[in-house]
Amino acid sequence: MIFIKKIIPKKKKERRIRMLDFIAIGGATRDIFFSYDDLKKRRDKESISGQYLMIPYGEKIVSQNTYYAYGGGAVNSSIGIARLGGRVAAICSIGKEGTGSLIHQKLKNEGVVTSMVQRDTKRHTGLSIFILGKDNEHSGFLERGANDHLRIKKISYLKRSRWLYITSLTGDSEKLLPEVFDYAKRNGLKIAFNPGSRQIKSDFSELGEYIQKTDILLLNMDEAEAVLRLKSKNNHRNKRSLLAEIESLGATISVVTDAENGSHAVFQGNVYSQPALKTEVIDTTGAGDSFGSTFSFFISKGHSIPSALRLAAINSASVVSKMGAQDGLMSYNQIKRSKWC
């Protein structure tokens, strides 16, 4: 008699996907910095900052120092959150060329999940060339490249995270905003939103809808004033009235940073302020990304608003004391051991 052993196929184990703390959505760039102390500035109300940088026309300007780095809102904020100990993914668009590969490897080396990083076969990775004056403030020439064509192929991927950190979206990428905001609200995801210049210069009715769905709104003082001018065409010289009107836009927590004047957060009618920390400012690139991502991460972990403001100020002070947007980003332990803590 022949016995035939029945082979029962083993059930495949379902792959368990760890929940993310954040998904950062935005830009990715190669950053090049040229330092030149002799450039002059001119005041002009037409500029958002109120000043223009004056560059001699038709001359070759030799940089006194050159520095190469990586940047972009999604890259800066995701690396910042990863260094703080968060599990974070980046959604950004980079080219297929070597520069894109370097950014992709940089994210992986920092512990950022890269499965949703988009490789664009038709366009180059975004490029930013910054000119630094003697006060270490910067003006930049930007080529958006692949950043203008970011897509999210599977919107359901966003459910892998508790929070979304949305930074500036440019070109056709801006079309993602209504889809992402609607999906997040339908699925109970929280949003930290740092609108870019494109959003701030758009129609306020559209921007206002996004802000109403935002849990943490992140603006610097120039951006806050620009948003309110977009809404009401009025200037706000009184800081408290400006903060009150920013809160009235509907975000749960509204944060406004004001360079050497510190930062402010408004929640349920209460204003919380954090003085700027003393440090030697080398380069302000990435200061907003480091502050916003640090504040948002610690709020997501249950810290109070004053605590999150303080920790964000420390990380931001570290960033501006070094060149580029990422060299100064610290871990939580480094923040606790820092001279400011």
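Residues numbered from 1 in each chain as written. Predicted model: local features only at pLDDT ≥ 70, side-chain atom pairs only at ≥ 80, totals over all residues. Heavy atoms only, no water.

Visitor: In this structure, what is going on with the packing of aromatic side chains? I would like to understand it.
Guide: Given two aromatic rings, their pairing is described by the distance between the two centres and the angle made by the two planes. Applying the stated rule across the entire model yields eight aromatic pairs. Residues Phe33 and Phe130 carry aromatic rings whose centres are separated by 5.1 Å and whose planes lie at 20 degrees to one another, so their mutual orientation is stacked. Placement of the pair is Phe33 in strand β2 (residues 29-35) and Phe130 in strand β9 (residues 126-132), with a sequence separation of 97 residues. What makes Phe33 buried here is its relative accessible area of 0%. Look at Phe181 and Tyr210: their rings are 5.0 Å apart centre to centre, the planes differ by 20 degrees, and that puts the pair in the stacked class. In this pair, Phe181 is assigned in helix α3 (residues 176-186) and Tyr210 in helix α5 (residues 204-212), connecting sequence segments 29 residues apart. Judged by relative accessible area, Tyr210 falls into the buried class, the value being 6%. Taken together, Phe33, Tyr67 and Phe130 form an aromatic cluster joined through their ring pairs. For Lys336, the ring lying beneath its charged end belongs to Tyr332, and the centroid distance is 4.7 Å. (Phe/Tyr/Trp six-rings, centres within 6.5 Å; stacked < 30°, edge-to-face > 60°. Helix = DSSP H or I, 4+ residues; strand = E, 2+ residues; numbered from the N terminus. Buried < 20%, exposed > 50% of the residue type's maximum accessible area, 1.4 Å probe, protein only. Lys NZ or Arg CZ within 6 Å of the ring centre and 35° of its normal.)

Visitor: Help me understand the pattern of salt bridges in this model?
Guide: Two side chains of opposite charge can pair, provided their charged atoms sit close to one another. Applying the stated criterion to the full structure yields twelve salt bridges. The salt bridge involving Arg162 is made with Asp21; its shortest N-O contact spans 4.0 Å. Of this pair, Arg162 sits in strand β11 (residues 161-166) while Asp21 sits in strand β1 (residues 20-25), and the two are 141 residues apart along the sequence. By relative accessible area, which is 48% here, Arg162 ends up partly exposed. We note a salt bridge from Arg123 to Asp120, for which the minimum N-O separation is 3.0 Å. Using a relative accessible area of 31% as the deciding quantity, one classes Arg123 as partly exposed. On the basis of relative accessibility, which here comes to 7%, the residue Asp120 falls in the buried class. Through salt bridges with shared partners, a single network forms among Asp21, Arg162 and Lys301. (Salt bridge = Lys/Arg side-chain N within 4 Å of Asp/Glu carboxyl O.)

Visitor: Any chance you could explain the sheet that holds strand β10 (residues 138-143) here in plain terms?
Guide: Neighbouring strands of a sheet are bound in pairs by backbone hydrogen bonds; such pairs are parallel or else antiparallel. Strand order across the open sheet formed by four strands is β5-β2-β9-β10, with mixed pairing between neighbours. Looking along the sheet, the strands with just one partner apiece sit at the ends: β5 (65-71) and β10. Averaged over all pairs of adjacent strands, the angle between strand axes in this sheet comes to 20 degrees, irrespective of strand direction. Judged from the seven bridges that link them, β2 and β5 form a sheet pairing that is antiparallel. Along β5, the bridge assignment pairs Thr29 with Gly71. (Pairing = 2+ DSSP bridges. Axes fitted to C-alpha atoms, helices over the stretch in contact; angles between N-to-C directions.)

Visitor: Would you mind going over the packing of helix α1 (residues 73-83) against helix α2 (residues 98-109) with me for this structure?
Guide: Packed helix pairs are specified by the crossing angle of their axes together with the interaxial distance, meaning the distance between the axes. The contact between α1 and α2 brings their axes to 10 Å, and the two run at 20 degrees. If you check the angle between α1 and α2, you find them roughly parallel. When you trace α1 past α2, the crossing you get is left-handed. Along its contact with α1, which presents Val75, Ser78, Ile79 and Arg83, the element α2 presents Ile103, Lys106 and Leu107. Counted by class, the contact of α1 with α2 contains four nonpolar, one polar and two charged residues. (Parallel < 35°, antiparallel > 145°, perpendicular 65-115°, else oblique. Left-handed = near helix turned anticlockwise from the far one by under 90°. Contact = heavy atoms within 4.5 Å. Nonpolar A, V, L, I, M, F, W, Y, C, P; charged D, E, K, R; others polar.)

Visitor: Would you take a moment to explain the sheet that holds strand β14 (residues 253-257) for this structure?
Guide: The sheet built from eight strands is open, its strands ordered β6-β1-β11-β12-β13-β14-β15-β16 with mixed pairing. In this open sheet, the two edge strands, each paired with only one partner strand, are β6 (88-91) and β16 (270-274). Averaged over all pairs of adjacent strands, the angle between strand axes in this sheet comes to 15 degrees, irrespective of strand direction. Pairing of β1 with β6, which is carried by four bridges, proceeds in the parallel orientation. Residue pairing across strands places Ala24 opposite Ala90, the latter belonging to β6. Running at roughly 45 degrees to strand β15 (residues 263-267), helix α7 (residues 239-247) makes contact with β13 (216-220), β14, β15 and β16 of the sheet.

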